[in-house]
Amino acid sequence: MKTRMKIAAAVIAVASLGLAACSSDSGTTAEETTAAETAAETTAEAPAETTEEAAAAIKACQVTDVGGVDDKGFNQKAFKGVQDAADQLGVEAAVLESQAETDYIPNIQSFVDQGCGIIVTVGFLLGDATKEAANANPDLPFTIVDFAYAEGDITNNNVLGQIFNTDEAAFLAGYLAAGMSKTGKVGTFGGINIPPVTIFMDGFYYGVQKYNADNGTKVKVLGWNPKDQKGLFTENFESLDDGRTFAQNLVDEGADIVMPVAGPVGLGSAALASELGTDKLMIIGVDADQFESDTANQNVYLTSVLKNMDVTTFNAIQAVVDGTFEGGVTIGDLKNGGVGLAPYHAFDGAVPQKLKDQIEAIKAGITDGSVSVKG
Amino acid sequence: MSDTRVTPAGPDMPEESYAYSEKRTRELTKGQVRRARILGVVMLVLAAAVVLLLIPGTTGVATFDLSLSDEQVQLAPLAIPSTGALYILAMVLAFLGATQFFRGFQGKATIILGISFGVFVIAVMIWATAGEQFNLTSMLVSTVARSTPIALGALSGILCERAGVVNIGIEGMLLGGAFTGVVFGSLIGGWVGLLAATIVGGILALLLAVLAINFRVDQIIIGVVINLLILSLTSFLTAQLLVEKPEWNDAPIFPAIKIPILGDIPILGPVLFDQTIMVYAMYVLIGLTTWFLFRTRWGLRTRAVGENPRAADSLGVSVYKTRYLAVIYGGMVGGFAGAWFTLGTVGRFDEGMTGGRGFIGLAAMIFGAWNPIGAFAAALIFGFSDSLQQKLAIIETPIPGEFLAMAPYLVTIIVVAGLVGRVRPPAADGQPYEKQ
């Protein structure tokens, strides 16, 4: 009896040691199955007329940042570009989700090993990992969302950096928020204090100031000060309950419109707004049109600051398919539609026509350069 | 608290002789004197910090709102002249420190140190808020809400470890509970979700129990495996199920329920008595578990198998059965705590949404000396610093938010390092028991 127990214990101990040993990349392995299946599905769903192409299809592979591919915003939006490419260009789509920053390098490497035709990395935080992989595989095209490398960083110029003048769209959102606030205070908070996040908050802040200057009001922005680049941050992109608490704190300090710039964390703020009612709290979505993606709480979104990385990602994949891919930097702005303001949807009737006109005028001003979004 | 502990009686305890025990007493006294001196110095340093770091350049009135906008009774905001208040607080700290240094508060020294830290935190708050304004009640409400999963996670750990099984899989149990809660909550209803989350926590704990108790696998490894397994599994299921079927990821949220009369008390009402059912459940579980552990036969047996399983066994206590019960109960608390993340706050699941709160629960367990009420207090401190950090970020203080976020862990290290008296885990914690 005792010996048997010992053997069993030993077996399990060894098994769990083995598990523990490979658990450092177990996230990746589990995800790979998902990716493979997703890819299979996507290929199967691809329209019939592209099947000839699909035979020789290149594989477009995306590595997400933490937060997951279904975050209703950032990662999901970029993956839409890959999916669109799968539908329209007949490429094969695959995705690996990063559970932690330590997954970036193994995920990219795993795609390199699978023979991907282009690797899309989503997020500023993947900058170093992408650079390393791109330099190690100089003939493989990469494109990264939210990162622009300095000249000479990428030896073979095989990375296309996608950056966005998000502040132009956020400026409009700030202007709108200032015009819609009843309490005279609006709030914002971010995920991590990094440029692709704070650029939203900068634009939002200066948009509010512009409204104040144009209309003689004193609407205050809580949670961000662009002068010293300090403000309210959750320090993560995962804890949805942070989104709720942070928004609650802003509401308690008097804000009635909040723009969370923290990926899925903002969904927690939307849940709070849905509970409190939109007379107490309205949310400004980011990245995607969250009225459409967050269907559970869609009526709390006053608008969304769009960052159309699906378009830029699609274009990069198309360039690879056409054989015209070139590294460098592509900038999305209001003018070329890389960023934008979503429709007001449920609030269309609530936004006064005068404010709508003002926003259109400002939009034209930003596009022709007569309005500066830098304060 | 020491009266409720089973005295450790390990085999390495030397025989008591008169000479030995006298020597030990003298040594202890020396040690105590030194410790009292160190504590006194710490308090004096705090006083000096207030005078030298906080007072210079601080002017204006720090204003704290005391009522939320939807309360019936609206209190006037508390306006504190910052400079005067800081001088008074510095004097209080200096007085406490000097008394501790020269005379010592003996048994009360730990409490006095806690009070000193509290006074120092108030000083920092007044300094940071000078010329500004924030809502104190709102901060305290979020303190309680934020500490709920931490306190419940800690409670889960306490139940397991008091019985001698180390549970570092709390994070996995939270995540498993959060996921199950949202799926069942969306499909059937919030209460069913809560129940399912609790059951899943119990099942994970059963896995821990079987491997740790029967097969005597290293308990740290099992905990790590549970955490990684659940993280990967929930991510996989999210991608496979929840993305395809968003209606499975849209659970009802338990609303805040105001307790009549109590909920109308200014400040305390909204903070303690206008919370969700999960928070009330936490109060009950903390109380019940304390009573169970320290006032019932079952609790005595649980603690006995955690301190000295062989002795308990020789008295006819079934070590395996007792450990199984405690671990499964602990796991169920962990699963329940996980449901807070989905059913108690946002009604949807996202990968990794527990954000390491299970590990913070472990820290709270140690900080609270493996005692439910202590762990609750520790969780409140973590929740407080978290909420204070948010408020200070909103009013744009000069302190870096990262430092504030770090502060509670710094305190935990100080506590674990033994400044506030030794914190001792159950003697047989983590040691598998082999019946002879």
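**Thoughts on the overall build of chain B**
When helices and strands are tallied, chain B shows 15 helices and five strands. A compact globule built from 436 residues would reach a C-alpha radius of gyration of about 22 Å, and chain B, at 24 Å, matches this within 12%. If one aligns the C-alpha atoms of chain B with their principal axes, the spans along those axes are about 75 × 65 × 40 Å. When each of the 436 residues of chain B is scored for burial, the buried share is 50%. Summarising the internal contacts of chain B: among those between residues at least 6 apart in sequence, 78% fall at separations of at least 24.

**Points about the overall build of chain A**
Along its length, chain A carries 13 helices and 14 strands. Taken over 375 residues, chain A has a buried fraction of 56%. Put simply, of all contacts in chain A between residues at least 6 apart along the chain, 71% involve residues at least 24 apart.

**Quick look at the environment of I222 of chain B**
Residue and element names in this part refer to chain B. Mapping I222 onto the fold places it in helix α7 (residues 219-242). Given 27 C-beta atoms within 10 Å, I222 falls into the buried group. Sequence-wise, I222 and A123 are 99 residues apart; in three dimensions their C-alpha atoms are separated by 44 Å.

**Side note on the interface of chain A and chain B**
Taken residue by residue, the interface counts 49 residues in chain A and 46 residues in chain B. Among the elements of the structure, α1 (2-23), α2 (26-45), β9 (230-231), α9 (240-252) and α10 (265-276) of chain A are those that each provide at least two residues to the side of chain A that touches chain B. The class makeup of the residues in the side of chain A that touches chain B is 20 nonpolar, 17 polar and twelve charged.

**Description of the sheet that holds strand β7 (residues 220-222) of chain A**
Residues and elements named next belong to chain A. Read from one edge to the other, the open sheet built from six strands follows the order β7-β6-β10-β11-β12-β14, with strand pairing classed as mixed. Only two strands of the sheet have a single neighbouring strand rather than two, namely β7 and β14 (339-341). The mean angle between the axes of side-by-side strands here comes to 20°, regardless of whether they run parallel or antiparallel. In this sheet, strand β10 (residues 257-261) lies alongside strand β6 (residues 185-190) in parallel orientation, the contact comprising five bridges. Paired with G187 across the strands is V258, a residue of β10. Running at roughly 160° to strand β11 (residues 282-287), α10 makes contact with β10 and β11 of the sheet.

**Describing the sheet that holds strand β2 (residues 78-81) of chain B**
All names here are of chain B. Within the open sheet, the three strands sit side by side as β2-β1-β3. Their pairing is mixed. In this open sheet, the two edge strands, each paired with only one partner strand, are β2 and β3 (133-135). This sheet shows a mean twist of 20° between the axes of neighbouring strands, independent of strand direction. Judged from the three bridges that link them, strand β1 (residues 61-65) and β3 form a sheet pairing that is parallel. For T63, the partnering residue across the bridge sits in β3 and is Q133.

**Thoughts on the pairing of β6 of chain A**
Residue and element names in this part refer to chain A. Across the six residues that make up β6, a large majority, six, are buried. Residues K185, G187 and F189 line one face of β6 and the alternating positions V186, T188 and G190 line the opposite face, and both faces are buried. In the sheet, β6 pairs with β7 via three bridges, with the strands oriented parallel. Bridging across to β7, G187 finds its partner in L222.

**Describing the domain arrangement of chain B**
All names here are of chain B. When the domains of chain B are assigned, the result is domain 1 (20-131) and domain 2 (144-383). For domain 1 versus domain 2, the distance between C-alpha centres works out to 33 Å. With seven residues of domain 1 at the contact, the number on the domain 2 side is four residues. Residues that form the side of domain 1 that touches domain 2 fall into these classes: four nonpolar, two polar and one charged.

**Some words on the environment of M125 of chain B**
Here M125 of chain B is to be found in helix α3 (residues 109-129). With 63 residues separating them along the chain, M125 of chain B and A62 of chain B place their C-alpha atoms 8.6 Å apart.

**Description of the domain arrangement of chain A**
Residue and element names in this part refer to chain A. Here the domain parsing of chain A yields domain 1 (27-164 + 311-321 + 325-332) and domain 2 (167-307 + 344-368). Using C-alpha coordinates to define each centre, domain 1 is positioned 29 Å away from domain 2. Taken together, the eleven residues of domain 1 in the interface contact 15 residues of domain 2. Here the element with the most residues in the side of domain 1 that touches domain 2 is helix α4 (residues 74-89); it accounts for three residues. In terms of residue class, the side of domain 1 that touches domain 2 is made up of four nonpolar, three polar and four charged.

**Focus on the nonpolar core**
In this structure, A173 of chain A together with A151 and A364 of chain B are the most contacted members of the largest nonpolar core, which totals 192 residues. Leave out the neighbours within four places in its chain, and A173 of chain A touches F204, G207, M259, I284, T303, V305 and L341 of chain A. C61, L89, A93 and V120 of chain A belong to the second-largest nonpolar core, a separate cluster that totals 44 residues.

**Topic: unusual backbone geometry**
Residue and element names in this part refer to chain A. A positive phi angle, near 55°, is found at Q229, a position not held by glycine. You can see Q229 is positioned in the loop between β8 (224-225) and β9. The exposure class assigned to Q229 is exposed, which follows from the 12 C-beta atoms found within 10 Å. Within the chain, H345 stands out as a residue other than glycine whose phi angle is a positive 45°. By the element assignment, H345 lies in the loop between β14 and α13 (353-368). The class of H345 is partly exposed, set by 16 C-beta atoms lying within 10 Å.

**Regarding the confidence of the model for chain B**
Residue and element names in this part refer to chain B. The predicted model of chain B has a mean per-residue pLDDT of 87, with 92% of residues at 70 or higher. Per-element averaging of pLDDT across chain B places helix α15 (residues 401-416) at the bottom with 72 and helix α5 (residues 170-187) at the top with 96. Confidence drops under pLDDT 50 across residues 1-18; counting only partners more than four residues distant or on other chains, this segment forms twelve contacts. The ipTM, which scores confidence in the relative placement of chains, is 0.85 for this predicted complex, and the corresponding pTM is 0.83.

**Some points on helix α6 (residues 190-214) of chain B**
Its 25 residues place the ends of α6 of chain B 35 Å apart at the C-alpha level, agreeing with the 36 Å of an ideal helix rising 1.5 Å per residue. Positive backbone phi, at 50°, marks R216 of chain B, one or two positions downstream of α6 of chain B.

**As for helix α12 (residues 309-322) of chain A**
Residues spaced three or four apart along an α-helix face the same direction, because each turn holds 3.6 residues. Residue and element names in this part refer to chain A. Look at α12: 20 Å from first C-alpha to last across 14 residues, which is about the 20 Å you get at 1.5 Å a residue. Of all the residues in α12, the buried ones are M309, D310, T312, T313, F314, A316, I317, V320 and V321. A positive phi of about 80° marks G323, the residue just after α12.

**Thoughts on the packing of helix α7 (residues 166-180) of chain A against helix α8 (residues 195-215) of chain A**
All names here are of chain A. Running from amino to carboxyl end, α7 crosses α8 at an angle of 45°, the nearest separation of the two axes being 6 Å. As judged from the angle between their axes, α7 and α8 are oblique. Note on packing geometry: the crossing formed by α7 with α8 is right-handed. Per-class residue counts for the contact of α7 with α8 are 15 nonpolar, six polar and four charged.

Each value, and the rule that gives it
- Residues numbered from 1 in each chain as written.
- Chains lettered and ligands numbered in written order.
- Predicted model: local features only at pLDDT ≥ 70, side-chain atom pairs only at ≥ 80, totals over all residues.
- Helix = DSSP H or I, 4+ residues; strand = E, 2+ residues; numbered from the N terminus.
- Rg over C-alpha atoms; globule rule 2.2 N^0.38 Å.
- Buried ≥ 20, exposed ≤ 12 C-beta atoms within 10 Å, placed from the backbone.
- Contact = placed C-beta atoms within 7 Å.
- Nonpolar A, V, L, I, M, F, W, Y, C, P; charged D, E, K, R; others polar.
- Pairing = 2+ DSSP bridges.
- Axes fitted to C-alpha atoms, helices over the stretch in contact; angles between N-to-C directions.
- Domains from an automatic or database assignment.
- Core = buried A, V, L, I, M, F, W, Y, C linked by C-beta atoms within 7 Å.
- pLDDT = per-residue confidence, 0-100.
- Expected span 1.5 Å × (residues − 1).
- Parallel < 35°, antiparallel > 145°, perpendicular 65-115°, else oblique.
- Left-handed = near helix turned anticlockwise from the far one by under 90°.

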